[in-house]
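Fold and contact review
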Amino acid sequence: MDHSRSWRARGLAAAGVSAALVLAACGGGGGAGGQQGSSNQSTQAAFNAASTGVVSPSDKKGGTLKFANAGDWDTLDPGETYYAYSWNFARLYGRSLMMFKSAPGKEGNQLVPDLAEAPGQASDNAKTWTYKLRKGVKFDDGTEVTSADVKYAVLRSTDKQTFPNGPAYWDGMLNLPSGYKGPYKTPNMNTDSAIETPDKSTIVFHMKQPFAAFDYLAQQPNTMPVPKDKDTGAKYRNSIVSTGPYKFADLQPGKSFNLVRNDQWDPATDPNRKALPDRMEVALNVNADDIDNRLISGDLDVDVVATGVQPAAQSRVLTDPTLKENADNPLSARLWYTSINPTVAPLNNIDCRKAIEYAMDRTAYQTAYGGQFAGGDLATTILPPSIPGYSKFDLFPDGPDHKGDLDAAKKSLEACGQPNGFETNIAYRAERPKEKATAEAFQQALGRVGIKLTLKPYPQGDYFAQYAGLPPYVVKNKLGLALNGWAADWPDGFGFLSQIVDSRVIRATGGSSNTSVRIPEVDKMLDSALTELNTDKRNQMWGEVDKRVMEDAVIYPGVYSKSLLVRSKNATNIMVTDAYGEYDYLGLGAQK
Amino acid sequence: MTLPPEVGAEAEAAVPEAVLVGAGATEGRSLGQIAWMRLKRDKVALGGGIFLIFLILLAIFAPLIVKYLGSPPNEFHQELIDTAGGTLEPIGRFGGMSWDHLMGVEPVNGRDIFSRVVYGSRISLLIAFLATLLSVAIGTTLGIISGFIGGWTDTLTSRLMDVFLAFPLLVLAIALAGVFPDQAFGLQGNQLRIALLIFIIGFFNWPYIGRIIRGQTLSLREREFVESARSIGARRGYILRTEMLPNLIAPILVYSTLLIPTNILFEAALSFLGVGIRPPTASWGGMLSDAVVFYTQPHFMFWPGMAIFVTVLAFNLFGDGLRDALDPRANR
Amino acid sequence: MFGYIVRRLVWAVLLLIVLSMVTFSIFYLIPRLGGATPETLASRYVGRAATAETVHLAAERLGFLDPVPVQYWHWLKGVLVGANYDYGAGVERCPAPCLGYSFITKQPVWPELLDRAPVTISLTVGAAIIWLVAGVSIGVISALRRGTVFDRGAMGIALAGVSLPIFFTGLIALAFFSYQLRITAPGGSYVPFSQNPAQWAYSLLLPWITLAFLFSAQYARLTRAGMLETMTEDYIRTARAKGLPEKTVILKHALRGALTPVLTIFGLDVGLLLGGAVITEKTFSLNGLGKYAYDGIVSGDLPKILGVTLVAGFFVIMANLFVDLLYGVIDPRVRLQ
């Protein structure tokens with residue numbers, strides 16, 4: 001007879017988990033790729049062709065596109081969604097005041113008016129912004145869209161109890177009356193101090209502080225109109241009313257949904273969209289390796305999260321010339337970096353921090369993230385190349401082979417009084433194999449100059465809330481280094497920098513991505529940039545912020561993220577938009 | 001008189017009597033001697049046993065072995081990885097197998113797989129052995145007590161076993177391992193982690209041994225020799241120690257040997273979930289978990305997988321052989 | 001007998017309550033040992049732009065500000081009589097049994113469990129039938145042909161099956177049979193039986209075989225050992241002496257005796273798997289209870305975890321009960337206390 005007791009343990013061995021965890025993009029709105037491009041420029045199918053031009057251009061209408069998501073959508077509700085791919089995709093079923101142009105490369109970074117007729121008009125020192133809406137735009141049930149619907153959409157997104165996951169720009173910046181809790185809890189409060197709707201097609205925003213880059217705020221999906229009588233709060237995500245060329249059908253939460261043509265969408269009111277396919281089918285919670293295999297075999301058209309293929313498919317794509325020809329390698333406006341926390345001794349001394357900047361092997365960082373194709377390009381600045389205002393500089397040259405300048409590191413160690421190195425801990429998110437590999441790389445590289453690191457994994461759900469982002473915890477547990485990453489909510493300096501270098505976002509109660517930057521001068525520089533209405537001047541100011549932060553050696557930039565994407569065999573008009581660093585979902589067409 | 005180990009006693013069953021097959025020779029041999037003779041004849045089990053000894057030696061002498069046959073287990077060798085082509089795969093066939101790296105290197109960081117497998121054996125064996133010890137200790141104690149004393153103690157213990165059996169072990173394991181502070185009970189870092197894993201694996205598996213021993217005890221309790229001991233006036237403690245325990249050693253031994261491979265697999269699964277040993281320390285389960293993502297690099301999955309497989313196989317073969325040897329009813 | 005069943009059912013209910021309490025405690029009390037406050041707990045369920053106020057609002061909405069026993073009571077009340085869910089623009093009635101709403105997706109848990117249960121049940125029952133039939137047959141044949149090549153070979157493979165981690169076999173099988181050879185369905189192609197029985201079976205074919213391979217090994221060994229034991233019993237000799245055909249002797253008499261432990265294990269296994277074959281489901285992209293549980297655990301989604309814990313616990317308890325009853329039926333020597 002046999003030992004029977006193994007059951008549960010065996011069941012548990014059976015209950016272990018396949019480690020192919022794809023992490024959804026941690027990024028928000030989008031970023032740009034730094035490549036030249038112009039629309040209607042068709043290119044031969046070659047490696048990375050879609051980053052600069054359009055592959056398989058076509059105006060043919062019809063066909064079905066199949067999308068898959070390795071996890072669940074964060075939410076389809078435009079008032080709460082906060083991921084780049086979702087903002088990219090939302091343009092299919094919603095129209096916001098402004099939107100990123102559906103064009104390849106750098107041109108995709110341009111803001112064009114969508115629901116609005118023209119970009120916003122500033123007044124009162126950039127504190128008040130006015131938009132006029134286009135006429136004739138309708139919801140998918142036939143009712144006309146008015147400015148009240150846009151106002152309602154924005155106001156509902158400020159209800160952070162019902163929608164805790166979305167961006168918080170409006171609630172922080174609009175001049176809302178005190179005690180306002182959103183249209184569900186305080187429906188009768190007068191909110192004209194924040195948003196006025198003098199007539200059916202005019203909407204006026206009043207901000208608390210000047211905000212010169214307002215058009216970027218206006219492209220957020222939470223300005224997509226929501227009809228008040230069809231709003232179901234937290235359940236609206238399952239019954240969205242569309243203003244875009246497609247509307248929802250067969251929505252099964254957590255499983256799948258389809259988009260079909262919205263017959264109420266009038267192309268005459270919409271010069272921005274081609275709306276070629278008849279139908280989109282989206283499957284949720286599909287195994288990540290499966291997605292890759294199906295993309296390669298042609299059973300799937302788009303991996304919608306667009307973080308790139310898994311390592312298994314990566315090696316297939318890179319070693320097989322036919323597959324490589326059909327792949328793209330866009331830069332996204334995302335930086336993978338490591339915070340060097342000055343609140344943890346001896347990193348309070350700038351020279352000790354500089355030692356880390358010099359000693360780390362940047363190529364190992366790149367390799368840990370997936371190499372030059374799937375990981376990214378070596379980074380020496382905080383702003384990625386795709387953000388206007390980026391300038392290339394390197395304050396801590398790491399040697400000709402980029403494996404670290406050990407002499408400079410040792411000199412810095414002596415300068416800070418730790419000639420034989422020191423010990424500290426490095427925090428990372430346990431579920432992210434790339435962060436684990438990077439932490440190990442840090443351990444190896446810094447060990448060369450005597451800096452001993454102990455690895456500390458933490459669950460990613462609480463990483464900022466309770467561990468690396470909780471200042472008292474960081475000090476108590478000596479988290480000198482914390483792996484980090486940031487993607488711009490939208491491709492401009494404010495979108496990229498505000499959440500990671502502004503000391504005022506750091507909370508004693510935790511939760512901020514900024515774990516290490518506390519420079520009052522930088523805060524002032526950020527504020528003055530926001531009053532500068534001249535876009536070029538403003539972008540330059542962001543560049544200066546970048547340099548100033550790097551001077552303090554509180555951030556170690558790792559790589560500018562790139563992803564390896566596989567093109568669909570069925571899709572047409574395949575192009576990468578720099579706005580999101582992904583394929584432009586709005587422009588895609590289908591052959592069948 | 002001695003009795004054979006009970007087999008398959010899951011529920012609270014009174015098991016059928018066993019027929020003791022005599023040794024045949026005129027000189028009486030103890031069960032131990034009989035078992036040893038049988039075991040020696042069972043080549044397969046013997047093979048398993050020898051392999052296990054080899055494995056234990058490997059684990060003990062790991063640093064020495066790695067010093068001569070491999071590279072330090074945590075050392076990166078990025079020159080052996082294809083960074084130029086961007087695939088980050090080991091250069092060379094079979095994962096970069098060479099005399100320097102007998103099993104090749106890992107993708108992405110180029111660590112020597114051979115030394116990681118050798119060091120990993122320490123972790124896997126240590127945790128499996130100690131966890132089994134814990135399970136057996138608790139299970140045997142509670143099993144004997146509840147089987148022997150009976151009554152309310154028995155009911156209570158059985159219900160307790162039910163709770164443990166129905167328990168969502170996964171939830172507990174992840175929650176505990178995720179939340180446990182880094183320093184506690186005088187241990188820290190990986191030492192604490194290992195202790196925690198031993199606790200989780202060992203503590204929650206005791207009902208299995210517990211139920212078996214309880215079943216055994218229940219049947220033994222009704223035997224004549226126990227009754228006669230009682231009638232003489234022997235106290236409970238004496239009966240437990242001199243009459244019951246020797247008869248229970250056989251099943252304890254057998255099931256322990258069979259529990260160890262299960263625990264090895266269990267630890268591998270927990271490492272998979274990310275609640276195992278902290279990197280960069282190597283463990284077989286952790287290596288497999290890393291390797292699954294790189295399934296186009298079969299060598300990476302192959303070696304730790306093979307290590308687990310062969311170890312578990314050896315334990316199973318040996319355990320089976322041991323059980324057959326200790327069971328006089330098995331016809332040879 | 002009836003009294004026994006009633007007592008076991010009462011105990012089952014008690015056990016489920018204990019299970020839920022323990023899960024609750026782990027979730028709330030253990031972080032507290034590490035110094036967590038309701039706000040730190042709630043911070044997992046808000047977006048990355050959340051302010052302290054948002055976190056506090058989330059803590060309030062999710063009930064973290066109440067003492068743990070009170071929260072438990074609310075949950076229990078929901079299970080028994082239902083609860084109300086405030087979705088912002090209105091209030092929705094969640095009828096009993098209301099297992100709460102997911103912290104992350106805001107979907108009600110009970111309907112989701114009902115939706116996913118058929119997948120797990122399909123997977124488990126299909127695989128179970130295969131492994132029982134295959135395992136027992138191989139075991140019987142091995143026992144009858146003891147010592148032959150078939151016996152050694154079969155037991156060898158069985159041992160292999162028992163010694164391989166399933167996360168290994170599952171992935172290899174999928175990569176090879178589904179993507180390389182393309183003879184089985186790729187992951188995620190499950191459709192409910194009611195929708196398309198052929199596609200349903202096709203999509204489950206590889207998962208069934210993979211799971212069955214793992215388990216039938218065990219059953220083959222068990223059956224073989226059981227057969228070897230019963231074949232030496234006196235009553236087999238009697239049956240043969242009576243002149244019964246060999247087939248009857250084996251199948252009707254020997255196998256029956258040997259099957260007792262097999263059935264015990266079978267019940268336990270099925271119960272366990274029904275509670276969540278996490279890895280199989282994850283590897284083959286099957287949206288069953290196991291995957292649901294895993295998603296809940298990694299995202300800290302207590303309602304999901306509680307829901308699956310209860311369902312899993314229920315299945316295990318029922319399986320245990322069924323096996324104990326069956327044991328009593330098959331083996332009259334067992335007295336039910």
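Criteria and thresholds
Residues numbered from 1 in each chain as written. Chains lettered and ligands numbered in written order. Predicted model: local features only at pLDDT ≥ 70, side-chain atom pairs only at ≥ 80, totals over all residues. Heavy atoms only, no water. Helix = DSSP H or I, 4+ residues; strand = E, 2+ residues; numbered from the N terminus. Contact = heavy atoms within 4.5 Å. Areas by Shrake-Rupley, 256 points an atom, 1.4 Å probe, with all protein chains shown as cover. Buried area = accessible area lost by both parts, 1.4 Å probe. Salt bridge = Lys/Arg side-chain N within 4 Å of Asp/Glu carboxyl O. Polar contact = N/O pair within 3.5 Å; in protein donor to acceptor, adjacent residues only side chain to side chain. Nonpolar A, V, L, I, M, F, W, Y, C, P; charged D, E, K, R; others polar. Pairing = 2+ DSSP bridges. Axes fitted to C-alpha atoms, helices over the stretch in contact; angles between N-to-C directions. Core = buried A, V, L, I, M, F, W, Y, C linked by side-chain atoms within 4.5 Å. Buried < 20%, exposed > 50% of the residue type's maximum accessible area, 1.4 Å probe, protein only. Patch = residues over 30% accessible without salt bridge, like charges linked within 9 Å, V, L, I, M, F, W, Y side chains within 5 Å. Disulfide = S-S within 2.5 Å.

**What about the overall build of chain C?**
- Looking only at helices and strands, chain C has 13 helices and two strands in total.
- The principal-axis extent of the C-alpha atoms belonging to chain C is close to 85 × 55 × 40 Å.
- Across chain C, contacts joining residues at least 24 apart in sequence account for 65% of those joining residues at least 6 apart.
- When the accessible surface of chain C is split by element, carbon and sulfur atoms take 68% of a total near 14100 Å².

**Notes on the environment of Phe 205 of chain A**
- Relative to the elements of secondary structure, Phe 205 of chain A occurs in strand β9 (residues 202-206).
- With residues near it in sequence (within four places) discarded, Phe 205 of chain A still touches Leu 97, Lys 127, Thr 128, Trp 129, Tyr 131, Val 154, Trp 170, Leu 174, Ala 194, Ile 195 and Phe 214 of chain A.

**Topic: the interface of chain A and chain C**
- Listed as interface residues are 57 residues of chain A and, on the opposing side, 57 residues of chain C.
- Taking both sides of the interface into account, the surface hidden between chain A and chain C amounts to around 5000 Å²; carbon and sulfur atoms contribute 54%.
- In this structure, the salt-bridge partner of Glu 92 of chain C is Lys 235 of chain A, at a minimum N-O distance of 2.5 Å.
- Taken together, chain A and chain C are joined by seven residue pairs in polar contact (both at pLDDT 80 or more).
- Contributions of two or more residues to the side of chain A that touches chain C are made by α1 (6-14), α6 (288-297) and α14 (463-467) of chain A.
- Considering each element in turn, the side of chain A that touches chain C owes the most residues, six residues, to α1 of chain A.
- The residue inventory of the side of chain A that touches chain C, partitioned by class, reads 18 nonpolar, 23 polar and 16 charged.

**Some remarks on the sheet that holds strand β7 (residues 128-132) of chain A**
All names here are of chain A.
- The strand order β6-β7-β9-β8 describes an open sheet built from four strands, whose pairing is antiparallel. Each edge of the sheet is formed by a strand with only one pairing partner; in this case those strands are β6 (121-123) and β8 (195-199). Going from strand to strand, the sheet's axes swing by 20° on average, the running direction of each strand aside.
- Sheet analysis places β7 next to β9, joined by five bridges and oriented antiparallel. If you follow Trp 129 over to β9, its bridge partner there is Phe 205.
- Each of β8 and β9 touches helix α3 (residues 147-157); the most contacted strand, β8, lies at about 170° to it.

**A short note on the side chain of Thr 158 of chain A**
- Here Thr 158 of chain A shows up in the loop between α3 and α4 (169-173).
- The contacts of Thr 158 of chain A, once residues within four sequence positions are left out, are Trp 170, Asp 171, Leu 176, Tyr 180 and Gly 182 of chain A.

**Describing the nonpolar core**
- Residues Phe 89 and Phe 442 of chain A are the most contacted members of the largest nonpolar core, which totals 162 residues.
- In terms of residues, this core owes the most to one element, strand β15 (residues 331-340) of chain A, which gives six residues.
- Leu 52 and Ile 308 of chain B together with Trp 11 and Ile 279 of chain C belong to the second-largest nonpolar core, a separate cluster that totals 133 residues.

**Observations regarding the environment of Leu 483 of chain A**
Residues and elements named next belong to chain A.
- Its place among the elements puts Leu 483 in strand β19 (residues 479-487).
- Looking at Leu 483, the relative accessible area reads 0%, which means it is buried.
- Put simply, Leu 483 and Thr 338 are 145 residues apart on the chain and 4.4 Å apart in space, counted from C-alpha to C-alpha.

**Comments concerning a nonpolar patch on the surface**
Residues and elements named next belong to chain B.
- The grouping of Ile 53, Ile 56, Leu 57, Ile 60, Phe 61, Leu 64, Tyr 68, Leu 69, Leu 126, Phe 129, Leu 130 and Leu 133 at the surface amounts to a nonpolar patch, some 1200 Å² of accessible area in total.
- Structurally, Ile 60 can be placed in helix α2 (residues 43-60).
- For Ile 60, a relative accessible area of 51% puts it in the exposed group.

**So, the pairing of β8 of chain A**
Residue and element names in this part refer to chain A.
- Relative to β9, β8 runs antiparallel, the two sharing three bridges. What sits directly across from Ile 195, in β9, is Phe 205.
- As consecutive antiparallel partners, β8 and β9 are separated by two residues.

**Let's talk about the state of the cysteines**
All names here are of chain A.
- By the definition in use, this model includes two disulfides over all chains.
- The residue that forms a disulfide with Cys 352 is Cys 416, at a sulfur-sulfur distance of 2.0 Å. Given an S-S torsion of about 75°, the disulfide between Cys 352 and Cys 416 has right-handed geometry. One end of the pair, Cys 352, is in helix α9 (residues 350-359); the other, Cys 416, is in the loop between α12 (406-415) and β17 (423-429), and 64 residues separate them in sequence.

**A look at unusual backbone geometry**
All names here are of chain A.
- Omega for the peptide link from Ala 345 to Pro 346 comes to -5°, which places this bond in the cis form.
- Its place among the elements puts Pro 346 in the loop between β15 and α9.
- One non-glycine residue, Asn 48, lies in the positive phi region at around 65°.
- Inspection of the secondary structure puts Asn 48 in the loop between β1 (42-43) and β2 (54-55).
- Note on Asn 48: relative accessible area 19%, which makes it buried.
- Positive phi, normally seen in glycine, also occurs at Ala 126, with a value near 65°.

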